[in-house]
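Structural overview
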Amino acid sequence: MLKLGVNIDHLATLREARKIAEPDPVKGALIAESAGADSIVAHLRQDRRHINETDVKRLQEAVKTRLNLEMSVNPEIVEIIKKIKPPQATLVPENRREITTEGGLDVVSNFDQIKKVVDDLRRNDIIISLFIDPEPEQIEAAKKTGAEAIELHTGGYANAKDKTEKIRHLKKLKDSALEGVSRGLAVNAGHGLNYENVKDIALISGLDELNIGHSIISEAVFTGLDKAVRQMKELIS
Ligand code: PXP
């Protein structure tokens, strides 16, 4: 069955807006797990704009399913992740000015640097996934690094302006999933998936796991707001 990894970065983004303890992303991770999430995803960015080192240490202790830490190949981050030793890490490109991860990793152009990090992390018993665009040459290069998995960037599909573009992106994702599976890779996908566009993606054969953050946390605000207001009303009356 297709698995769901829940990205909890946005809970930490909300916390950082106030620089206080709530909402606690670890609490969110436990709720996601009890609701059926198959893994918990968090991104320790170099600028620490949301998730911080204390969060990843606490997540490593608390998460019972599988912690999948997104990370860049920055040496400082690699050293931290090696100490934490999550069961899985996903290498992503990182650009300080971006609002969220933009393109996939260019494994073809940065092969030596990425392979070195993959080797280093794998020696520490961390399963590695590479976040890449759905392109055959990137899949081939990803396989050569020794990574166990790839995560196909679904942003092109999610942001497609019209039906023709959407169908083109969907075909690329379908072909890439088959290509990845035929090369013996576990194939995951994510970025920009929501309650509408996830259906076509979930039908792609060969996919192992979808990683979704923004739309789940956004939906949670509205599914939880009614209860939260009622609770506060009751308390103050
Ligand atoms: N997968 C990767 C590699 C990502 O970087 C992100 C965003 O942090 C996601 C999945 C989740 O994307 P979204 O928040 O748009 O669901």
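See above for the structure.
What counts and what doesn't
Residues numbered from 1 in each chain as written. Predicted model: local features only at pLDDT ≥ 70, side-chain atom pairs only at ≥ 80, totals over all residues. Heavy atoms only, no water. Helix = DSSP H or I, 4+ residues; strand = E, 2+ residues; numbered from the N terminus. Rg over C-alpha atoms; globule rule 2.2 N^0.38 Å. Contact = heavy atoms within 4.5 Å. Areas by Shrake-Rupley, 256 points an atom, 1.4 Å probe, with all protein chains shown as cover. Buried < 20%, exposed > 50% of the residue type's maximum accessible area, 1.4 Å probe, protein only. Arc of directions from axis to C-beta. Salt bridge = Lys/Arg side-chain N within 4 Å of Asp/Glu carboxyl O.

1. Quick notes on the overall build of the chain
Within the chain, the secondary structure is distributed over 10 helices and 8 strands. The C-alpha radius of gyration of the chain comes to 18 Å, within 12% of the 18 Å expected for a compact globule of 237 residues. For the chain, the spread of C-alpha atoms along the three principal axes comes to 65 × 45 × 35 Å. Here the analysis covers contacts within the chain between residues at least 6 apart in sequence; of these, 65% occur between residues at least 24 apart. With an accessible surface of roughly 12700 Å², the chain has 55% of that area assigned to carbon and sulfur atoms.

2. So, helix H1 (residues 9–18)
Among the residues of H1, those classed as buried are Asp9, Leu11, Ala12 and Arg15. End-on view of H1: buried residues confined to an arc of 155 degrees, all on one side of the axis. Exposed residues pointing more than 90 degrees away from the buried face of H1 are listed as Leu14 and Ala17.

3. Examining the pattern of salt bridges
Enumeration according to the criterion identifies 20 salt bridges in this entry. Note that Lys3 is salt-bridged to Asp208, the shortest N-O span being 3.1 Å. Taken together, the residues span a long stretch of sequence, with Lys3 in strand S1 (residues 3–7) and Asp208 in strand S8 (residues 207–212) at a distance of 205 residues. A residue is classified by how much of its surface remains accessible, and Lys3, at 26% relative accessible area, is partly exposed. Glu209 serves as the salt-bridge partner of Arg66, at 3.0 Å between the closest nitrogen and oxygen. One end of the pair, Arg66, is in the loop between helix H3 (53–62) and strand S3 (67–71); the other, Glu209, is in strand S8, with 143 residues separating them in the sequence. For the pair Arg66 and Glu209, one class covers both residues: buried. Through salt bridges that share partners, Arg15, Glu16, Lys19 and Asp55 make up one connected network.

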